[in-house]
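The residues making up each chain are set out below.
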Amino acid sequence: MKEFFYRPENAWIGDVIPYYEDQEFKLFYLHGWRENYREGLDKGWHLISTDDFCNYREHGAINILGGTGHVLKVGPTYHLFYCIFPEGKQLVCHATGTDLMNWTPIPENTFSADNVVYELSDWRDPFVFWNDEEGQYWMLLSAMAKGPSNRKGCVALLTSPDLNKWSYREPLYAPNIHVGAHECPEMFRMGEWWYLVYSNYTDRFATFYRMSRSANGPWITPKVDTFDGRAYYAAKSVSDGQKRYLFGWNPTKDDDLFGWNPPKYIGKDYDTWDWGGNLVVHEIIQRSDGTLAVKVPDSVNEAFAVEQPLQLEWITGTWQSSSLEYTCESPYAFAGSLSQENLPDRCKVSMAIRFSALTQGTGIMLRAERGLDFAYYITLEPQRNRVTFRGPIMQSEDGGKTFPYEVELERPIELLPDQDHKLEIFIDGSICEIYINEEVAMSARMYDIERGKLGLFVSQGNAQFKQVKVETTKG
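Since this is a predicted model, take the numbers as computed values, not measurements.

Draft legend 1. Structural detail: the overall build of the chain. Within the chain, the regular secondary structure consists of 2 helices and 32 strands. Relative to the compact-globule value of 23 Å for 475 residues, the chain shows a C-alpha radius of gyration of 23 Å, a close match. Here the chain holds 475 residues, and 58% of them are scored as buried. Counting contacts in the chain only where the partners sit at least 6 residues apart, residues at least 24 apart contribute 58% of the total. When the 46 basic and 66 acidic side-chain charges of the chain are each reduced to a single mean position, those positions are 1 Å apart.

And the structure:
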């Protein structure tokens, strides 16, 4: 059976270290057992591979016990850089091998921060590449620069002629905008632009990117500086020579860490986000102005090709329909329709939505019931230029009493009236991956409603829903 959002059996996937070779994506990752760990199970880095993001081959543990890092090949030798955390320290380590499964550590190459330019507290997630312009290797690290305030998260820079001895340099990027370190940094070039990618867990919790005409900066912050929302983290990318793909994880929710759920609420939708979850792959797209967008990989999209029956009935408001197209004018009220069929557990929902000026909201409901409140809402909000995700408790008084925020997940997007906006939504169990206009991605989780119908709605406006389809995979 195809597996679009890979997760190891009885465990979870953490930070991914992607490498491409021999027409395959070799995906090293941090293997998270959580409470399922038993004596004798393999910890640390594991390896899977894929050539289509639909089928994954498991190769097992590679006996690297440490945190995120990087793999590169120089001549016949593979080099693996990673981090370890002995006695509260953070150290960078180096290992070599002649294949991707067997590695020999080089203990004398282990090193810490210098305690001059960089604090000793954070020193992890090495990323290494050859810089042609400088004629030496660059290493980027998640670090904390010396400074008077706690806002000193940075991307550290070190250089080396041979991958063995490293020289400390001033930070590559130290904007003092994050309290925490800039995790899982990487750099790559597309055309005339350099891109710096990192993840952060303070102020905003996401994977960010910056852009520059030079590897030395200055680093420009684009208007939309993230690839996805809160439910996507620690993403790193690799190119197959033609396209570049981003590998991150959609976290699970297995713990009510702060006791914020409404009293007596037994669901999981409002538990805290965990470390690790399922693998999610986005394809990176470069716009003409150099800014980046993401879309679903073609191979994943094309795997959903079996159209399912779909009949909609009008629950509220006045609707009109023709072949695969539904129209509703409801400028002063909420109007909703609902499919007669339940959504499959694994499916793709797709459509194009066009709305009139001054429309307040329009979108779809997932796993909905006839009351139209017990559902997951994906809403285009043109007046705010955003797409939002709300779960069922947000439609209730308990949600209003409990949560001091208006929405659970949101992504900025330019929403123009009288234009088609393409939605592609991939559902697999609790996982929900939303793509809009082949530019904007929003990852989410849906735990508490396991079955339900597809709904369309418009709130105080007019909308058309074109080419509305529900598709599954073959077999």
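Draft legend 2. Broad picture of the sheet that holds strand β9 (residues 118–131). Spatially, β9-β10-β11-β12 is the arrangement adopted by the 4 strands of the open sheet, whose pairing is antiparallel. At either end of the open sheet lies a strand with only one pairing partner, and these are β9 and β12 (167–173). Recorded for the sheet is a direction-independent mean angle of 30 degrees between the axes of neighbouring strands.

Draft legend 3. A look at the packing of aromatic side chains. This structure, assessed with the given rule, holds 37 aromatic pairs. Relative to W166, the ring of F81 lies with its centre 6.1 Å away and its plane at 85 degrees, an arrangement referred to as edge-to-face. Within this pair, whereas F81 is found in strand β6 (residues 77–84), its partner W166 is found in the loop between β11 (153–160) and β12, the two being separated by 85 residues in sequence. Through pairs of rings, three or more aromatic residues link up here, namely Y20, F25, F53, Y245 and F247. A cation sits over an aromatic face here: R244 above F188, 4.1 Å from the ring centre.

Draft legend 4. Geometry of the nonpolar core. Core analysis: the largest hydrophobic core is formed by 44 residues, its most contacted members being F247 and L279. In terms of nonpolar packing, the next biggest core, distinct from the first, is built from 39 residues, W319, V440, L456 and V468 among them.

Draft legend 5. Just the pairing of strand β15 (residues 206–212), in detail. Burial within β15 is extensive, with 7 of its 7 residues counted as buried. The two faces of β15 match: A206, F208, R210 and S212 on one face and T207, Y209 and M211 on the other face are all buried.

Draft legend 6. The arrangement of the environment of D398 in detail. Turning to its location among the elements, D398 is positioned in helix α2 (residues 397–402). Each C-alpha atom, one on D398 and one on Y265, is 9.4 Å from the other, the two residues being 133 residues apart in sequence.

Draft legend 7. How the structure looks around the environment of Y198. Relative to the elements of secondary structure, Y198 occurs in strand β14 (residues 193–200). Taking C-alpha positions, Y198 is 5.5 Å from E183, a pair spaced 15 residues apart along the chain. Reaching out from Y198, the side chain makes a polar contact with the side chain of H178 at a distance of 3.0 Å. Of the polar contacts made by the side chain of Y198, one reaches the side chain of R210; its length is 3.2 Å.

Criteria and cut-off values
- Residues numbered from 1 in each chain as written.
- Predicted model: local features only at pLDDT ≥ 70, side-chain atom pairs only at ≥ 80, totals over all residues.
- Heavy atoms only, no water.
- Helix = DSSP H or I, 4+ residues; strand = E, 2+ residues; numbered from the N terminus.
- Rg over C-alpha atoms; globule rule 2.2 N^0.38 Å.
- Buried < 20%, exposed > 50% of the residue type's maximum accessible area, 1.4 Å probe, protein only.
- Contact = heavy atoms within 4.5 Å.
- Lys, Arg positive; Asp, Glu negative; His and termini not counted.
- Charge placed at Lys NZ, Arg CZ, Asp CG, Glu CD.
- Pairing = 2+ DSSP bridges.
- Axes fitted to C-alpha atoms, helices over the stretch in contact; angles between N-to-C directions.
- Phe/Tyr/Trp six-rings, centres within 6.5 Å; stacked < 30°, edge-to-face > 60°.
- Lys NZ or Arg CZ within 6 Å of the ring centre and 35° of its normal.
- Core = buried A, V, L, I, M, F, W, Y, C linked by side-chain atoms within 4.5 Å.
- Polar contact = N/O pair within 3.5 Å; in protein donor to acceptor, adjacent residues only side chain to side chain.

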